[in-house]
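Each chain, letter by letter, is given below.
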Amino acid sequence: MTQPTFYITTAITYANSRPHIGHAYEEIATDVIARWKRVNGYDVYFATGSDEHSANVEARAKELGKSPREFCDEMAAIFQATWAALNISFDRFIRTSEEVHHHASQEMIRRAFAAGDIYKGHYEGWYCNSCNNYYQESDLKDGNCPQHGTKAVRLSEENYFFKLSRFAQPLLEWIGKRPEVILPETRRNEVVNVIKGGLKDISVSRTTSTWGIPFPDDPKHLIYVWFDALINYISAIGFPDDKAHFMKYWPAQVHVVGKDITRFHCIIWPAMLMSAGLPLPERVYGHGFLSLKGEKISKTRGNVLDPVEFSKQYGVDAFRYVLLAGNNFAADSDFSEEGFVELYNSDLANDMGNLLNRTLTMVEKYCQGKVPPPAAETSADDVPMLEEARALFDKFNAALELFDFSGAYAAVWSLIDRGNKYIESTAPWTLFKQGQTERLNTVLYNLLEILRLAAMFVYPIMPATTPRMLAQLGDSAPDRVLQFPMEARWGLLPVGQTTAKAAPLFPRIEKELAPGKVK
Ligand code: MSP
């Protein structure tokens, strides 16, 4: 049987500044899905990268007295090191300055020309160098970009135009046929409204700079940065020359992007693909934005939290967990160190940590540190718990299918919570005193199984925690590649396996934090 493929991408980050927690949020979310698909038997290809031809990148390099290429080399190295430090399992880091990307972009322009979708015209308008987008004068606020608050510049150029207006109907049909192609629904509605409001042709070339990809056959024109950037999704997998690799993974199963750029991905990108005669992506997910203590993350505000420094302090897995399980990915969310500590202590240190600690201590005390045999017959008291455990895979999988990270982990924590309550309701210490060995063994076996399942399901979000938990449960190959849905079956823990002494995975954070201060 051939392995199903799963191609997943993040947006490529502008190379003009260092990665912040908002970028990390998108990378970690994408990584959770990529890891989940891998352990479910998919041949996953995960691409991320850097967007290097923006006017802001050129300006920043100039400020630093560097050439754009030299500056971008440094930034690309910083991005890759950051994602590696956060345990992001990307397969490809695509840079738009790569030769293969230039080649792919020129091929897409050629195809659009051949389809009659590109023509020459004159453009005059207000341009924001941060959005890389034109605005109407009426959209500006005191002459500034409505998004960035920075001065918009007047551009007047002879440009090549792409006939975006021609694609309104085909785009509406694409979305209408399979609405879940754009998630969440709020984003889909926005996109549909924009299309219904009428699409204008867009200018797709610039003559104001030298840092970019030359137009084929007219090299004084450079390809507009958004047209170039979107092509990363196909250049990353070998378009147009490595046909076999490209055809193996295209179309992408999902592009994960922020809500600010969902429109580019759901309007311009599919139109470009249609023009080039290529299949369209199966899904675009437009996630919400992260703020820091209620404030927009911005360099000028000086509230940029370095995700690597933060996770060095508190642990990469804990950072990943709190960021994704603690927020609704579809909506806007806020991050603060106080909120982090609170969720860390309640979910990781208390709920999961206590269950592991108490269970292993009892197994050591009452069963000589060996997994005890459960009774052959299921006790009626245990049925609701077993049912919940057996339903976990479907619930978890369905939630992740919709990028509902908090929902998926709420289901896992509900079982953990049940485990903690089960300890209270069954009181193993009393069973021990009363010599009810069979029931005691069953109770402890069930608790260990809940912990084994928890260890399995935390893998996508806390990949380094799974082997640590499995090792404590006595697994002889804690680092093995997991295989779902098999691992989610109840009752796989081998009886007689020797458990380890309980060691805290997430020690409680006892720390007074100054309110109102973003660390
Ligand atoms: N270069 C373009 C994307 C081109 S994709 C063909 C870009 N770059 S970016 O650096 O500004 O943003 C990269 C990604 O990070 C985008 O998906 C963006 O929405 C996301 N985020 C940037 N700030 C964010 C938050 N504060 N919160 C969550 N996501 C954020 O746009």
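Every value quoted in this text rests on a predicted model; they were computed, and no experiment measured them.

Trainee: Report on the sheet that holds strand β17 (residues 333-335), specifying residues and quantitative values.
Mentor: Strand order in this open sheet of three strands is β16-β15-β17, and the pairing throughout is mixed. Both edges of this open sheet fall to β16 (295-296) and β17, since each of them pairs with a single strand only. The pairing of strand β15 (residues 290-292) with β17 spans three bridges and is classified as parallel. By the bridge assignment for β17, L292 is matched with F335.

Trainee: Can you explain unusual backbone geometry? Please cite residues and give values.
Mentor: At the junction of L183 and P184, the peptide bond is cis and its omega measures out at -10 degrees in the coordinates. Among the structural elements, P184 can be located in the loop between β8 (182-183) and α6 (185-196). The omega torsion of the bond from W250 to P251 falls at 5 degrees, within 30 degrees of zero and hence cis. One non-glycine residue, D217, lies in positive phi territory at about 70 degrees.

Trainee: Now, about the site of the ligand: what can you tell me, with residues and values included?
Mentor: Of all residues adjacent to the ligand, which total 24 residues, the nearest are I12, E26, D51, D260 and L290. Contacts to the ligand include G22, whose backbone N or O atom sits 3.4 Å from a nitrogen atom. In this structure, D51 approaches the ligand through a side-chain N or O atom, which is 2.7 Å from a nitrogen atom. With the chains in place, 93% of the 650 Å² that the ligand exposes on its own is no longer accessible. For the shell around the ligand, the secondary structure elements donating two or more residues are β2 (13-14), α1 (21-39), α7 (225-230), α8 (232-235) and β13 (254-258). Split by residue class, the shell around the ligand holds twelve nonpolar, nine polar and three charged.

Trainee: Could you give an account of the environment of Y224, naming the residues involved and the relevant values?
Mentor: Mapped onto the elements of the fold, Y224 is located in the loop between β12 (218-223) and α7. Residue class for Y224 comes out buried when judged on its relative accessible area of 4%. When the C-alpha atoms of Y224 and A77 are compared, they prove to be 25 Å apart, with 147 residues separating the residues in sequence. Among the polar contacts listed, one links the side chain of Y224 to the backbone oxygen of N132, at a separation of 2.4 Å.

Trainee: Lay out helix α10 (residues 262-276) with the relevant residues and their values.
Mentor: Given 3.6 residues per turn, any residue in an α-helix points the same way as the ones three and four places further on. When the terminal C-alpha atoms of α10 are compared, their 21 Å separation across 15 residues agrees well with the 21 Å that a helix rising 1.5 Å per residue should span. The largest bend in α10 comes to about 25 degrees, at W269, with the proline P270 one to four residues further on. Counting buried residues along α10, 13 of its 15 residues qualify, which places the element largely inside the surrounding structure. Backbone geometry just after α10 places G277 at a positive phi near 75 degrees.

Trainee: Describe the environment of R35, and please don't skip the residues or the numbers.
Mentor: Within the fold, R35 resides in helix α1. For R35, a relative accessible area of 8% corresponds to the buried category. Side chain to side chain, R35 and D31 meet in a polar contact 2.8 Å long.

About the thresholds
Residues numbered from 1 in each chain as written. Predicted model: local features only at pLDDT ≥ 70, side-chain atom pairs only at ≥ 80, totals over all residues. Heavy atoms only, no water. Pairing = 2+ DSSP bridges. Helix = DSSP H or I, 4+ residues; strand = E, 2+ residues; numbered from the N terminus. Near = heavy atom within 4 Å. Polar contact = N/O pair within 3.5 Å; in protein donor to acceptor, adjacent residues only side chain to side chain. Areas by Shrake-Rupley, 256 points an atom, 1.4 Å probe, with all protein chains shown as cover. Nonpolar A, V, L, I, M, F, W, Y, C, P; charged D, E, K, R; others polar. Buried < 20%, exposed > 50% of the residue type's maximum accessible area, 1.4 Å probe, protein only. Expected span 1.5 Å × (residues − 1). Bend = angle between axes of the 7 residues up to and from the residue.

By themselves, these figures tell us nothing about what the structure is for.
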